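Single-letter residue listing:
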Amino acid sequence: MTRRWLFADQLGPHFEVGADGVLLVESRRALARRPFHRQKLHLVLSALRHRAAELGDSAVLMRTDTYTEALHELGEPVRVYEPTSYAAERLVRRLQVAAVVEDVDPTPGFSLSREEFAAWAGERRRVRMEDFYRFQRLRLDLLVEGERPAGGRWSFDEENREPPPRGADRLDVPAPYRPREDDIDAEVRDDLDRWTREGHLSPIGEDGPRLFAVTRREALAALDRFVTKRLGAFGPHEDAMLHGDWAMAHSLLSVPLNLGLLDPVEVVDRATQAYRDGDAPLASVEGFVRQVIGWREYVWHLYWHFGPTYRRRNALAARRSLPDWFDRLETDGVDAACLHDALTGVRERGWVHHIPRLMVLGNWAAQRGYHPDALTEWFQTRFVDGYDWVMTANVVGMSQHADGGAMATKPYVSGGAYIDRMSDYCGDCRYDPKKRLGDDACPFTAGYWAYLDRNAARLEGNHRMARPLQQRHRLADLEAVVAQERRRAAAPP
Ligand SMILES: Cc1cc2nc3c(=O)[nH]c(=O)nc-3n(C[C@H](O)[C@H](O)[C@H](O)COP(=O)(O)OP(=O)(O)OC[C@H]3O[C@@H](n4cnc5c(N)ncnc54)[C@H](O)[C@@H]3O)c2cc1C
Ligand code: SF4
């Protein structure tokens, strides 16, 4: 008999429990080690305790200081599924040597195993997301007719980059699924309050009603509501931002997916079925499938493919510490409407969608030269869906270009014009997205030119950056803009 030890991100039925019982561990040290967002702590504890309650007598839920202590108290060997971080993998290997862990099974949390990815990546010079995504579509038979993509194209990105509807405060789409809290949530809230009062925890961000699914039943309800009511609107405004609509038509499934409550293949199967049934347009469905079995699985595999030192890369030599107001999500002194709203969203919910993450928060950090490792830690602890595996490629690679282009072919930096086109922020902002010099100069527009100037030598070999680098020479006021941004550097904008 060998009990199955399940980590807190392995809670769905595809992580099989077998007949020999389950071990779940609430490690106080893991919760307290970093300043996690209060709502992230709530979601993880609530998910663990709900799973323990569902499994009843077959599960042992241990509350100990460390994982090792729990295994010691259990006093019998366990088997595990591959964990999702280098730190947890090292722990599991150590426990395997000590014969506490009997076996490590491949994780069913992703559609493609690490061995299969390694075989696919082979000797490729670059592992491009677009190639991986096509491989996934064909392999999983998603939106394909034989070898060809449904609708004649692999990507509908062009249709999926519309600005928000003109004059609208919100998207005209039904609200997302909202879970109902129960006694377990009340107990979690009491525990977190007490531990914080007693000084065991120092969470960041505000407490608030639980917004994301933490049980299998809730996750299926959230998936169903998204596919039947919101998927059709997902595509066109995928990249748009509205001050009055934090969720837009996004799925809000990253939390249940990352807790292991949903199998990614069942998620994309539901979406493609909606297309086959004529209930959702191809562009939206393709856009969503691309996120789940494209981007999500790609960053998972890159985490292992690039190795444990990838997180420390700093190709643009960005060395500035995160200023206190940014670090602590304090927005009182922040006038820049886009940044104010993104930081407020993180403080109030631990979640903003991918464009505020990439083109507001990440863009800001890149322009100001925040240290990429510190920024990765910030994203990982401040977001409810943050985990080591998902953060490194998204932050170090995609958002900060700190890997020198190993992942993305060019840095995701832009001036205020992009934010102005894709949102309703600039109208009410005290800055002007068209201005780069003066009191009302948009910090993103001015910051963009200062970023190019600072990194010109490091980006010179990148052919996709040749034009913007060239364009900066046409600015008569470049020197003044750079000096202005140096002066404004640490203060909240
Ligand atoms: C700087 C930065 C940091 C990010 N940090 C995280 C993170 O900590 N955890 C996380 O799950 N996602 C992260 N993402 C990806 C993406 O922003 C979130 O997955 C998404 O916003 C979650 O909201 P949703 O479930 O409504 O997603 P939707 O927009 O509805 O997309 C559907 C699903 O696709 C998956 N997905 C899409 N893009 C990515 C991606 N780049 N990486 C991984 N999964 C993706 C998610 O599972 C998501 O639930 C990050 C992106 C950036 C640019
Ligand atoms: S003007 Fe600049 S700072 Fe203000 S909302 Fe627009 S992009 Fe953001």
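Every chain is numbered on its own, with residues counted from 1 as its sequence reads. Chain labels run from A onward and ligand labels from 1 onward, assigned in the order the entries are written. Where local features are concerned, this predicted model is filtered to residues with pLDDT of at least 70; where side-chain atom pairs are given and counted, the filter is 80 or more; whole-chain, interface and lining totals use all residues. Excluding hydrogens and water, the side-chain values take into account all heavy atoms of the structure.

Draft legend 1. Molecular detail of the overall build of the chain. What counts as a helix is a DSSP run of H or I of at least four residues, what counts as a strand is a run of E of at least two, and both are numbered from the N terminus. Counting its regular elements, the chain contains 20 helices and 7 strands. Taking 493 residues into account, the globule formula puts the C-alpha radius of gyration at 23 Å, and the chain, at 23 Å, falls close to it. With the C-alpha coordinates aligned to their principal axes, the bounding extent of the chain is approximately 75 × 60 × 45 Å. Across the 493 residues that make up the chain, the buried fraction comes to 58%. Sequence separation of at least 24 residues holds for 75% of the intrachain contacts in the chain that already meet a minimum separation of 6. For the accessible areas, the method is Shrake-Rupley and the probe is 1.4 Å, while residue cover comes only from the protein chains on display. For the chain, the exposed surface amounts to about 21,300 Å²; the carbon and sulfur share of it is 47%. Neither His nor the chain termini are counted; the positive set is Lys and Arg, and the negative set is Asp and Glu. All charge positions are set by atom: Lys at NZ, Arg at CZ, Asp at CG, Glu at CD. One way to put it: in the chain the 69 positive side-chain charges average out to a point 5 Å from where the 75 negative ones average out. When we talk radius of gyration, it's over C-alpha atoms, and the globule rule is simply 2.2 Å times the number of residues to the 0.38. Buried residues are those whose accessible area, probed at 1.4 Å on protein chains only, stays under 20% of the maximum for their type, while exposed residues exceed 50% and partly exposed ones sit between those limits. Throughout, a contact is declared for two residues whenever any of their heavy atoms are within 4.5 Å.

Draft legend 2. Local environment of the pairing of strand β4 (residues 78-81). DSSP-based pairing: two strands are paired if at least 2 bridges between them are found. Both strand β1 (residues 3-5) and β4 contribute to a ladder of 3 bridges, which runs parallel. Residue pairing across strands places Arg-4 opposite Arg-79, the latter belonging to β4. Summarising the sheet, β4 and strand β5 (residues 101-105) pair through 4 bridges and their orientation is parallel. Each bridged residue has a counterpart across the sheet, and for Tyr-81 the counterpart in β5 is Asp-105. With the strands pointing away from the viewer, any crossover whose connection runs clockwise from the first strand over the helix to the second is right-handed. Taking the sense of rotation as the criterion, the β-α-β connection linking β4, helix α4 (residues 86-97) and β5 turns out right-handed.

Draft legend 3. Examining the site of ligand 1 more closely. Proximity is defined per residue: if any heavy atom of the residue lies within 4 Å of a molecule or strand, that residue is considered near it. Lining the immediate environment of ligand 1, one finds 25 residues, of which His-250, Ser-251, Leu-252, Asp-385 and Met-391 sit closest. In protein, a polar contact means a hydrogen-donor-capable atom and an acceptor-capable atom, both N or O and within 3.5 Å, with residues adjacent in sequence counting only if both atoms are side-chain atoms; elsewhere, any N or O pair within 3.5 Å suffices. Here Leu-253 contributes a backbone N or O atom positioned 3.0 Å from an oxygen atom of ligand 1. Separating an oxygen atom of ligand 1 from a backbone N or O atom of Ser-254 is a distance of 2.9 Å. For the shell around ligand 1, the leading source of residues is helix α11 (residues 282-306), giving 6 residues. Any residue outside Ala, Val, Leu, Ile, Met, Phe, Trp, Tyr, Cys, Pro, Asp, Glu, Lys and Arg is labelled polar, Gly included; the first ten of those are nonpolar and the last four are charged. Residue classes in the shell around ligand 1 are distributed as 13 nonpolar, 9 polar and 3 charged.

Draft legend 4. Summary view of the packing of helix α15 (residues 372-382) against helix α16 (residues 388-399). Orientation is described by lines fitted to C-alpha atoms, with helices fitted over the stretch in contact, and by angles between N-to-C directions that extend from 0 to 180 degrees. Packing of α15 against α16 brings their axes to within 9 Å, and their N-to-C directions diverge by 135°. With respect to α16, the element α15 is oriented oblique. The handedness of the crossing between α15 and α16 is right-handed. In contact with Pro-372, Leu-375, Thr-376, Phe-379 and Gln-380 of α15, α16 contributes Asp-388, Met-391, Thr-392, Val-395 and Val-396. Per-class residue counts for the contact of α15 with α16 are 6 nonpolar, 3 polar and 1 charged. Any angle between 65 and 115 degrees counts as roughly perpendicular, while under 35 counts as roughly parallel, over 145 as roughly antiparallel, and the rest as oblique. If you view the pair so one helix is near and one far, a crossing is left-handed when the near helix is turned anticlockwise from the far one by less than a right angle, and right-handed when it is turned clockwise.

Draft legend 5. Spotlight on the sheet that holds β1. With respect to topology, 5 strands assemble into an open sheet ordered β3-β2-β1-β4-β5, the strand pairing being parallel. Looking at the sheet topology across the chains shown, the edges are occupied by β3 (59-64) and β5. Across the sheet, the mean angle from the axis of one strand to that of its neighbour is 30°, orientation sign disregarded. As paired strands, strand β2 (residues 22-27) and β3 are joined by 6 bridges and run parallel to one another. Paired with Leu-23 across the strands is Val-60, a residue of β3.

Draft legend 6. Geometry of the nonpolar core. Take the buried Ala, Val, Leu, Ile, Met, Phe, Trp, Tyr and Cys residues and link them wherever side-chain atoms come within 4.5 Å; each set so joined is a nonpolar core. Leu-231, Phe-288, Phe-326, Leu-339, Leu-361, Trp-378 and Ile-419 are the most contacted members of the largest nonpolar core, which has 120 residues in total. Residues within four places of Phe-326 in sequence aside, it is in contact with Leu-343, Leu-361, Trp-364, Tyr-370, Leu-375 and Trp-378. Val-413, Tyr-448, Leu-452 and Leu-475 belong to the second largest nonpolar core, which has 16 residues in total.

Draft legend 7. Structural detail: the environment of Val-346. One can find Val-346 in helix α13 (residues 337-349). When its relative accessible area of 0% is taken as the criterion, Val-346 is described as buried. Along the backbone, Val-346 and Leu-329 are 17 residues apart, and their C-alpha atoms lie at a distance of 7.3 Å. Not counting residues up to four positions away in its chain, the partners in contact with Val-346 are His-37, Leu-329, Trp-351, Val-352, Leu-361, Arg-382 and Phe-383.

Draft legend 8. Quick look at a positive patch on the surface. A surface patch of positive charge is lined by Arg-319, Arg-320, Arg-454 and Arg-458. Residue position: Arg-319 is located in the loop between α11 and α12 (324-327). Each patch is built from salt-bridge-free residues with over 30% relative accessible area, joining like charges within 9 Å and nonpolar side chains (Val, Leu, Ile, Met, Phe, Trp, Tyr) within 5 Å. Throughout this description, the term salt bridge denotes a Lys or Arg side-chain nitrogen within 4 Å of a carboxyl oxygen of Asp or Glu.

Draft legend 9. Local environment of the site of ligand 2. If you check the shell around ligand 2, you find 13 residues, and the closest are Cys-338, Cys-426, Cys-429, Tyr-431 and Cys-442. Elements with a minimum of two residues in the shell around ligand 2: α13, α17 (416-422) and α18 (443-459). When the residues that make up the shell around ligand 2 are grouped by side-chain class, the tally is 12 nonpolar, 1 polar and no charged.

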